[in-house]
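If you want the building blocks of each chain, they are given just below.
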Amino acid sequence: SRNSFRTVSPIGMLLGDRRAAQRFSPIRAKRAAKLVADQAKENLDVANGMYKYGVGSALDVIDALTTYSSAETSYVTALYDYKTAQAQIEKAMGLYGGGHK
């Protein structure tokens, strides 16, 4: 069907395996999680600065810290998923040496 061509990346076409191509969706997830974590860090910096100058509350800082911590956790999870998918693709392509020199 027409929609199936949208989900297959060049990697998937190379391998002839749609599942392999779909494993690369972690690329998008990793990028999005990194963007969210970076924005959360900026918000934390702003909250800290506002608190330092007496125009923000401790609750604002705690809230920003909680958001940043959650965003960083999501990023690490997305990075793990990306690296796992990358290893699976390399193994499917015969590039994974399995620890042999």
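Described below are features of the structure shown in this document. (Residues numbered from 1 in each chain as written. Predicted model: local features only at pLDDT ≥ 70, side-chain atom pairs only at ≥ 80, totals over all residues. Heavy atoms only, no water.)

### Notes on the overall build of the protein
Here comes step 1: Scanning the protein from terminus to terminus reveals five helices and zero strands.
Here comes step 2: Buried positions account for 20% of the 101 residues belonging to the protein.
Here comes step 3: Looking at the protein alone, contacts between residues at least 24 apart form 61% of all its contacts between residues at least 6 apart.
Here comes step 4: Of the accessible surface of the protein, which amounts to about 7500 Å², a share of 57% is contributed by carbon and sulfur atoms. (Helix = DSSP H or I, 4+ residues; strand = E, 2+ residues; numbered from the N terminus. Buried < 20%, exposed > 50% of the residue type's maximum accessible area, 1.4 Å probe, protein only. Contact = heavy atoms within 4.5 Å. Areas by Shrake-Rupley, 256 points an atom, 1.4 Å probe, with all protein chains shown as cover.)

### Describing the packing of helix α4 (residues 25-52) against helix α5 (residues 58-92)
Here comes step 1: At a minimum axis distance of 8 Å, the contact between α4 and α5 shows a crossing angle of 160°. One way to sum up the angle between α4 and α5 is to call them roughly antiparallel. Viewed along their axes, α4 and α5 form a crossing whose handedness is left-handed.
Here comes step 2: For the contact of α4 with α5, the residue count by class is 21 nonpolar, four polar and six charged. (Axes fitted to C-alpha atoms, helices over the stretch in contact; angles between N-to-C directions. Parallel < 35°, antiparallel > 145°, perpendicular 65-115°, else oblique. Left-handed = near helix turned anticlockwise from the far one by under 90°. Nonpolar A, V, L, I, M, F, W, Y, C, P; charged D, E, K, R; others polar.)

### Here we look at the nonpolar core
Here comes step 1: One finds Ala33, Ala37, Ala40, Ala71, Tyr75 and Ala78 forming the largest nonpolar core, which totals six residues.
Here comes step 2: Mapped by element, the contributors of at least two residues to this core are α4 and α5. (Core = buried A, V, L, I, M, F, W, Y, C linked by side-chain atoms within 4.5 Å.)

### Examining the packing of aromatic side chains
Here comes step 1: Applying the stated rule across the entire model yields zero aromatic pairs.
Here comes step 2: Its end group placed over the ring of Tyr75, Lys34 keeps NZ or CZ at 5.4 Å from the ring centre. (Phe/Tyr/Trp six-rings, centres within 6.5 Å; stacked < 30°, edge-to-face > 60°. Lys NZ or Arg CZ within 6 Å of the ring centre and 35° of its normal.)

### Considering the environment of Ala37
Here comes step 1: If you trace the backbone, Ala37 turns up in helix α4.
Here comes step 2: Expressed as a C-alpha distance, the spacing of Ala37 and Tyr75, which sit 38 residues apart in the sequence, is 6.9 Å.

### Section: a nonpolar patch on the surface
Here comes step 1: Taken together, the side chains of Val46, Met50, Tyr53 and Val55 define a hydrophobic patch exposed on the protein surface, amounting to about 430 Å² of accessible area.
Here comes step 2: Owing to a relative accessible area of 60%, Val55 belongs among the exposed residues under this scheme. (Patch = residues over 30% accessible without salt bridge, like charges linked within 9 Å, V, L, I, M, F, W, Y side chains within 5 Å. Salt bridge = Lys/Arg side-chain N within 4 Å of Asp/Glu carboxyl O.)

### Looking at the environment of Ala85
Here comes step 1: With respect to the helices, strands and loops of the structure, Ala85 is situated in helix α5.
Here comes step 2: Residues Ala85 and Pro26 lie 59 residues apart in sequence; the distance between their C-alpha atoms is 7.3 Å.

### A look at the pattern of salt bridges
Here comes step 1: Inspection of the entire model under this criterion finds two salt bridges.
Here comes step 2: The salt bridge partner of Lys34 is Asp38, with a shortest N-O separation of 3.2 Å. Of this pair, Lys34 and Asp38 both sit in helix α4, four residues apart, which is roughly one turn of the helix.
Here comes step 3: According to the relative accessible area criterion, Lys34 is partly exposed, its value standing at 36%.
Here comes step 4: With a relative accessible area of 32%, Asp38 lands in the partly exposed category.

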